[in-house]
Amino acid sequence: MTQTLDAPPGTTAGRAESWLAGFGDALAARDVERAAGMFAATSFWRDLIAFSWNITTVEGRPGVTGLLDATLDRTDPTGFAVSEPPDEADGVTTAWFSFETGVGRGKGLVRLVEEDGEPRAWTFLTTMYELKGHEEPRGPRRPLGAEHGIHRERETWLERREREAAELGVATQPYVLVVGGGQGGIALGARLRQLGVPSIVIDKHPRPGDQWRGRYKSLCLHDPVWYDHLPYVPFPDNWPVFAPKDKIGDWLESYTRVMEIPYWSSTVATSASYSPEVGEWTVQVEREGAPLTLRPAHLVLATGMSGKPNVPEIPGQDVFRGDQQHSSQHPGPDAYAGKRVVVIGSNNSAFDICGALWEHGVDVTMVQRSSTHIVRSDSLMEIGLGALYSEEAVAAGVTTEKADLTFASLPYRIMHEFQIPLYQQMRERDADFYERLESAGFLHDWGDDGSGLFMKYLRRGSGYYIDVGAADLVANGDVRLVHGQVVRLTEDAVVLDDGTELPADLVVYATGYGSMNGWAADLISQEVADRVGKVWGLGSDTTKDPGPWEGEQRNMWKPTQQEALWFHGGNLHQSRHYSLYLALQLKARSEGIPTPVHGLQEVHHLR
């Protein structure tokens, strides 16, 4: 169906409307060659489940051709239309648009450049945001709540909730079991609840939010509040920019109740196995110590993007007389005033822990084993995030959803090109800080290609610190800095490969985490973990992110090589944004809507 063009030809709006109308006509005619020809020679189409029932990016006209050849007939896309006035800058026309498929409604963003005298798509984002006939009960569809009239045996809201809680997992089985009740599991649980998908979120801790409460007491979010909202219920306007961990814990607990998420605390999954013949998992759990068998159709591991803690095996750990803790187990500095602490590592947790220990009069030594990228918090907020996630962005009309989609519209293949100049600005702005830090002997880097923190996060999930003050302790010498690899522990010291001995009453292993598929190995089997392969990373062939190029986060929020097994997590921004697409994939399957997956990820690395 041809879109009615309202804007004059040759204007910014006219170019966008004309391109979308032509693209829609080509798709309606099933003319794949014409549609692909509307993309630039160097171009990228990122699809979040709308066409592919996957999270995938294709590149260039051959990639567009392959995606459309495989999906066009069954997707049946229509109604491509500009949804707000487009804009133009530096020769690029940017336009938001809406569209529909046979089963859903979508939103997208296209960036057009001129090539051979014609506007052609450089980047193209398509996302599904709801399923037709299965819309969330929001806005004009919100539930009435009160049941007016006189009815015998009326069931109140509380009685219905109590009945549901008593039946789910006992008389009725969940369609989805989410293992892990941190921010990722809670965000997904809220989405599934709103979509009417029977689900249970389970977590080993006694209360929602304990994942945060149990960490070292100085922990706070390093990302600003505008970046961290949960679905449906944003933080209030007076919420602090950087929330302390216990405040986040309390928010997650209250959110779980307000959103009516079926959440089982003090529950541990002990084993799981899948029957493809029956199409369900058998999951053994212990709920408050009592054994129970659950049989969900789908299993989601929301056990933390960072995976299992990496605790190195070092000779002498059995003879060391002091305390040893992974950073995830470190309780805080209170018990160590006046003691000697060696922190092995030089990334976020290492700096946070060193700072808190120093404040409590602890003699602290940081062992740096490899270089780390540091960016100052205020510089990151202003230069790195301010355009999308800030008070100024909100005032300019950039909603959280719009910010998320804008960020999602930039393909990972070229994202570093946009990050490099931002981090060059930070380098210049904070030149004195970096000079002091490096003069103190700190090994600093800007990523393999100068693209800084966020690309390190996306590629490897490690190797950086957002400085909220502790870096100055290293620069000033208040926290002692040494370099090298730890070769052994003695009864009272850490020994490095150059023979240096560091006296210690406590050793903190701020040594990071492994791939999330380690959780799958523990819960299901090593065979399944290997079938799924490494979780996280892009295949950028940079440090700790081996190639080949994969184009999307490995195994996150999308189908895996193990039927009915999913991985969900990331920071608060990713948990919020991608929980929508994971929930829609699960909802479609629960309703029997065909979901043929295009471009199922291959496995190139096991860990």
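Up top is the structure.
Because the structure is a prediction, the values reported are computed rather than measured.

1. Considering the sheet that holds strand 9 (residues 199-202)
Item 1. Taken in spatial order, the 5 strands of this open sheet run 10-9-8-14-25, and their pairing is parallel. Unpaired on one side and paired on the other, strand 10 (263-264) and strand 25 (565-567) mark the two borders of the sheet.
Item 2. Sheet topology note: the strand 8 (residues 176-179)/strand 9 ladder contains 4 bridges and is parallel. Across the sheet, residue Val179 finds its bridge partner in strand 9, namely Ile202.

2. Quick notes on the pattern of salt bridges
Item 1. Per the stated rule, a full pass over the model turns up 42 salt bridges.
Item 2. With a closest N to O distance of 3.5 Å, Glu164 and Arg161 form a salt bridge. Note that Glu164 and Arg161 are positioned in helix 4 (residues 157-167) at a spacing of 3 residues, about one turn of the helix.
Item 3. Note that Arg607 and Asp530 form a salt bridge whose closest N and O atoms lie 3.8 Å from each other. Taken as a pair, Arg607 in the segment after helix 18 (572-590) and Asp530 in helix 17 (residues 526-532) lie far apart in primary sequence, 77 residues in all.
Item 4. Connected via shared salt-bridge partners are Arg207, Asp210, Arg213, Asp250, Glu253 and Arg257.

3. A word on the environment of Leu496
Item 1. Inspection of the secondary structure assignment puts Leu496 in strand 22 (residues 493-496).
Item 2. Taking the C-alpha atoms as reference, Leu496 lies 59 Å from Glu135; in sequence the two are 361 residues apart.
Item 3. Residue contacts for Leu496: discarding those within four places in its chain leaves Val367, Val482, His483, Gln485, Val486, Val487 and Leu502.

4. What to know about the sheet that holds strand 21 (residues 486-489)
Item 1. The strand order 21-22-23 describes an open sheet built from 3 strands, whose pairing is antiparallel. Two strands bound the open sheet, and with one partner strand each, they are strand 21 and strand 23 (501-503). Strand after strand, the sheet turns through a mean of 25° between neighbouring axes, direction not considered.
Item 2. Examined bridge by bridge, strand 21 and strand 22 share 3 bridges and lie antiparallel to one another. Its bridge partner lying in strand 22, Arg488 is registered against Val495.

5. A look at the packing of aromatic side chains
Item 1. Applying the stated criterion across every chain, the model contains 33 aromatic pairs.
Item 2. Ring geometry for Phe80 versus Phe97: centroids 6.0 Å apart, planes at 40°, classification tilted. In this pair, Phe80 sits in strand 3 (residues 78-82) while Phe97 sits in strand 5 (residues 92-100), placing the two residues 17 residues apart along the sequence. The exposure classification of Phe80 matches that of Phe97, with both residues buried.

6. Focus: helix 7 (residues 245-258)
At 3.6 residues per turn, the α-helix brings residues three or four places apart onto the same side.
Item 1. Between its terminal C-alpha atoms helix 7 stretches 20 Å, which fits the 20 Å expected from 14 residues at 1.5 Å a residue.
Item 2. Three or more residues of helix 7 are buried, namely Lys245, Ile248, Gly249, Trp251, Leu252, Glu253, Tyr255 and Thr256.
Item 3. Along its buried surface, helix 7 packs onto helix 5 (183-195), helix 6 (210-213) and strand 10.

Calculation notes
Residues numbered from 1 in each chain as written. Predicted model: local features only at pLDDT ≥ 70, side-chain atom pairs only at ≥ 80, totals over all residues. Heavy atoms only, no water. Pairing = 2+ DSSP bridges. Helix = DSSP H or I, 4+ residues; strand = E, 2+ residues; numbered from the N terminus. Salt bridge = Lys/Arg side-chain N within 4 Å of Asp/Glu carboxyl O. Contact = heavy atoms within 4.5 Å. Axes fitted to C-alpha atoms, helices over the stretch in contact; angles between N-to-C directions. Phe/Tyr/Trp six-rings, centres within 6.5 Å; stacked < 30°, edge-to-face > 60°. Buried < 20%, exposed > 50% of the residue type's maximum accessible area, 1.4 Å probe, protein only. Expected span 1.5 Å × (residues − 1).

In short, the description is geometric, and any link to function would need to be established separately.
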